[in-house]
Amino acid sequence: LPSLLTEGRAVFPDGFVWGAATASYQIEGAARDDGRGPSVWDTFSRTPGAVAQGHTGDVACDHYHRYAEDVRLMSELGLAAYRFSVAWPRIRPDGSGPVNPRGMDFYDRLVDELAAAGITPYVTLYHWDLPQALEDRGGWTARDTAYRFADYAAAVHARLGDRVRHWTTLNEPWVQAFLGYGSGVHAPGRRDAAASLVAAHHFLLAHGLAAQALREAGAPEIMLVVNTAPVLTPAQIADPAAEPDEADAEAADRVDCLLTRQILDPVLLGTYPATVLEIVERHAGLSHVHDDDLRTIHQPIELVGVNYYSPCVVRSSPGEPANPAYPGSEGIAFPAVEVPVTAMDWPVVPEALSRHLLRLSHDYPGAGLMVTENGAAFDDVVTAGEGAEHVHDDDRTAYLDSHLRAVHAALEGGADVRGYLVWSLLDNFEWAEGYARRFGIVHVDFATQRRLPKDSALWFREVAGRNGLA
Ligand code: PNW
């Protein structure tokens, strides 16, 4: 990784989109309000030992009741765009059947509130809160779930499509399939390699079917959001110019097939990599991959959303058992590396983002890109002073600054990046870590629900306002 990072001024293209992102289960709370049905995360967060300190999303940021205040906050922070997700169990409490109008009303009010504030909504239809009723019928291991998803997508579009132009089918199908059904760290907490690989295929099918339905309904922009990152060897982390040894390079290729190409090759090229087919066949057979599926999955889409936090680091390690999140990764280790890390222990390597955006542009020509999540958890401290309270989160500001420079370098190198959304607007329910990991640019006191913009939020407002870094 040659250092592509700039210093000093970095001006972004006209029309570059600046905003922040959230997800329904992480912020809404109101888990039983207005007819919402249970999701797999309600069930999982009540499973002893599944989530740190037994935290749940029952209340979260109480955004369901405080959305107007939160939109005001976004407006004060100068955000042009807001990416949020719709909770399927609010719309169809049992996963299928009639729409619950009171659940739909919430998003209707939210979209109107955003419009009044001049903030562009980016709607994600699925950010992991599968209706529990569908999980009880096999969840994403059942082909039918993909069809139920497309029906639900059409129902949401029918209500919001007159005001929402930017539609995302799924958030991070890889994380859902392999942490949900493979390692079991996320809901529904299953640990079954075959199930995770079958689920991954059904996610792609769900994306394709929903993209078709949205297109037929007239959606002008359709996006798939993926967690994707370069897979690097320890030698490349230590010295960006290092040539990895052959066994390590092979290990990296294999993991890249699982993490990135398993998802993006079918969606953008209409094919599965041979390595992926071999792994799927060995664990699960191929009978769940029907003849026309790749055609359905390979729908034209306008954008790929890139959620980036860290590179993935691997090396060859003969005899190593497979990592349960990467079936087929026998003989590959995922070592810790000697670089600064965030409170999640995720290594901070901004250059890897430049390299990766350029690689995606090269390997998937024509795909427009948007950074739909980037940010960091740090242990924030609220300090009193000058009559007001502050969160001096210089570490987060430095993280955001260096990664924005990485995005700028990728733009200079020719990558077609349309925007950058911070993860996250608010401190929130960080999945298996509960509320202990704070990603917000706005601090939330969960006892009082008071919001306090951190220094990073004030910095981000300036960056967005001048469309660049000073
Ligand atoms: C993303 N991993 O999740 C999600 O889209 C957000 O909801 C989440 O809060 C954010 O990143 C921060 O974690 C991920 O372990 C969670 O590889 C875990 C992983 C990747 C992404």
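To keep things clear, this report deals only with the structure shown in the data block.

Scoring rules and cut-offs
Residues numbered from 1 in each chain as written. Predicted model: local features only at pLDDT ≥ 70, side-chain atom pairs only at ≥ 80, totals over all residues. Heavy atoms only, no water. Phe/Tyr/Trp six-rings, centres within 6.5 Å; stacked < 30°, edge-to-face > 60°. Helix = DSSP H or I, 4+ residues; strand = E, 2+ residues; numbered from the N terminus. Buried < 20%, exposed > 50% of the residue type's maximum accessible area, 1.4 Å probe, protein only. Near = heavy atom within 4 Å. Polar contact = N/O pair within 3.5 Å; in protein donor to acceptor, adjacent residues only side chain to side chain. Areas by Shrake-Rupley, 256 points an atom, 1.4 Å probe, with all protein chains shown as cover. Nonpolar A, V, L, I, M, F, W, Y, C, P; charged D, E, K, R; others polar. Core = buried A, V, L, I, M, F, W, Y, C linked by side-chain atoms within 4.5 Å. Contact = heavy atoms within 4.5 Å. Pairing = 2+ DSSP bridges. Axes fitted to C-alpha atoms, helices over the stretch in contact; angles between N-to-C directions. Parallel < 35°, antiparallel > 145°, perpendicular 65-115°, else oblique. Left-handed = near helix turned anticlockwise from the far one by under 90°. Salt bridge = Lys/Arg side-chain N within 4 Å of Asp/Glu carboxyl O. Expected span 1.5 Å × (residues − 1).

1. Regarding the packing of aromatic side chains
Tallied over the full model, the rule gives 38 aromatic pairs. Consider the rings of tryptophan 41 and phenylalanine 429, whose centres lie 6.0 Å apart with planes at 80°: the pair is edge-to-face. With tryptophan 41 in helix 2 (residues 40-45) and phenylalanine 429 in the loop between strand 15 (417-423) and strand 16 (442-445), the pair connects residues that are 388 residues apart, well separated along the chain. Here tyrosine 126 and phenylalanine 149 contribute two aromatic rings whose centre-to-centre distance is 6.2 Å and whose plane-to-plane angle is 80°, an arrangement assigned as edge-to-face. Of this pair, tyrosine 126 sits in strand 4 (residues 120-126) while phenylalanine 149 is found in helix 7 (residues 143-160), placing the two residues 23 residues apart along the sequence. Owing to a relative accessible area of 0%, phenylalanine 149 belongs among the buried residues under this scheme. Linked through ring pairs, Tyr25, Trp41, Phe44, Trp128, Phe429, Trp431, Tyr435 and Phe446 together constitute an aromatic cluster.

2. Structural notes on the site of the ligand
Around the ligand, a shell composed of 15 residues is seen, among which Gln26, His127, Glu373, Glu430 and Trp431 lie nearest. Separating an oxygen atom of the ligand from a side-chain N or O atom of tyrosine 309 is a distance of 3.3 Å. Separating an oxygen atom of the ligand from a side-chain N or O atom of glutamate 430 is a distance of 2.6 Å. In isolation the ligand offers 450 Å² of accessible surface; the protein chains occlude 83% of this area. Broken down by class, the residue content of the shell around the ligand amounts to 8 nonpolar, 4 polar and 3 charged.

3. Focus: the nonpolar core
If you look at the biggest cluster of nonpolar residues, it comprises 147 residues, and the most contacted ones within it are Trp41, Trp140, Phe149, Leu357 and Val407. Considering each element in turn, this core owes the most residues, 11 residues, to helix 9 (residues 193-216). The residues touching tryptophan 41, leaving out its near neighbours within four places in the chain, are Tyr25, Val51, Trp128, His186, Ala187, Phe429, Trp431 and Ala432. If you look at the next biggest cluster of nonpolar residues, it comprises 8 residues, including Val17, Tyr122, Met223 and Leu421.

4. Description of the pairing of strand 16
As paired elements, strand 16 and strand 17 (residues 450-453) share 4 bridges and run antiparallel to each other. In the strand pairing of strand 17, valine 444 is matched with arginine 451. Hairpin connection of strand 16 to strand 17: 4 residues between the antiparallel strands, including glutamine 449 at a positive phi of 65°.

5. With respect to the packing of helix 5 (residues 101-117) against helix 7
Viewed as axis vectors pointing N to C, helix 5 and helix 7 meet at an angle of 50°, and their least axial separation amounts to 10 Å. Relative to helix 7, helix 5 is oriented oblique. As helix 5 runs across helix 7, the sense of the crossing is right-handed. Between helix 5 and helix 7, the contacting residues are Pro101, Met104, Asp105, Tyr107, Asp108 and Val111 on the first element and Ala155, Val156, Arg159 and Leu160 on the second.

6. Observations regarding the environment of aspartate 427
You can see aspartate 427 is positioned in the loop between strand 15 and strand 16. Among the residues examined, aspartate 427 registers a relative accessible area of 0% and is labelled buried. A sequence separation of 18 residues divides aspartate 427 from aspartate 445, and the C-alpha atoms of the two residues are 8.8 Å apart. Excluding residues within four positions of it along the chain, aspartate 427 makes contact with Cys61, Asp380, Arg438, Phe439, Gly440, Val442, His443, Val444, Phe446 and Lys454. In this structure the side chain of aspartate 427 is engaged in a polar contact, spanning 2.9 Å, whose partner is the backbone nitrogen of glycine 440. Polar side-chain contacts of aspartate 427 include one of 2.8 Å to the side chain of lysine 454.

7. Some points on the pattern of salt bridges
In this structure the tally under the stated criterion is 32 salt bridges. Salt-bridge contacts for arginine 163 lead to aspartate 162; the nearest nitrogen and oxygen are separated by 3.0 Å. The partner of arginine 359 in a salt bridge is aspartate 363, and the shortest N-O contact between them spans 2.9 Å. On the criterion of helical spacing, the pair formed by arginine 359 and aspartate 363 is a turn pair, its members being 4 residues apart in helix 14 (residues 350-363).

8. Some thoughts on the sheet that holds strand 2 (residues 17-21)
Each strand in a sheet pairs with its neighbour through backbone hydrogen bonds, running either in the same direction (parallel) or in the opposite one (antiparallel). The strand order 2-3-4-5-6-8-12-15 describes a closed barrel built from 8 strands, whose pairing is parallel. Shown here is a sheet whose adjacent strand axes are inclined to one another by a mean of 25°, direction ignored. Bridge analysis of strand 5 (residues 166-171) against strand 6 (residues 221-227) gives 4 bridges, and the strand direction is parallel. Counted as the bridge partner of histidine 166 is glutamate 221 from strand 6. The sheet strands contacting helix 14 are strand 8 (303-307), strand 12 (368-373) and strand 15, and the helix crosses strand 12 at an angle near 145°. Running over the sheet, helix 16 (residues 455-466) touches strand 2 and strand 15 and is turned about 150° from strand 2.

9. Overview of helix 14
Between its terminal C-alpha atoms helix 14 stretches 20 Å, which fits the 20 Å expected from 14 residues at 1.5 Å a residue. Every buried residue of helix 14 is accounted for by Pro350, Ala352, Leu353, Ser354, His356, Leu357, Arg359 and Leu360.

10. Here's the deal with unusual backbone geometry
Most peptide bonds take the trans configuration, and most residues that are not glycine carry a negative phi. Residue proline 188 is reached from alanine 187 by a cis peptide bond, and omega for that bond is 5°. Turning to its location among the elements, proline 188 is positioned in the loop between helix 8 (173-180) and helix 9. Residue serine 424 follows tryptophan 423 across a cis peptide bond; omega there is 10°. Position of serine 424 relative to the elements: it lies in the loop between strand 15 and strand 16. Phi at aspartate 345 takes a positive value of approximately 70°, unusual for a residue other than glycine. For aspartate 345, the position within the fold is in the loop between strand 11 (332-333) and helix 14. Relative accessible area serves as the criterion here: at 59%, aspartate 345 is assigned to the exposed category.

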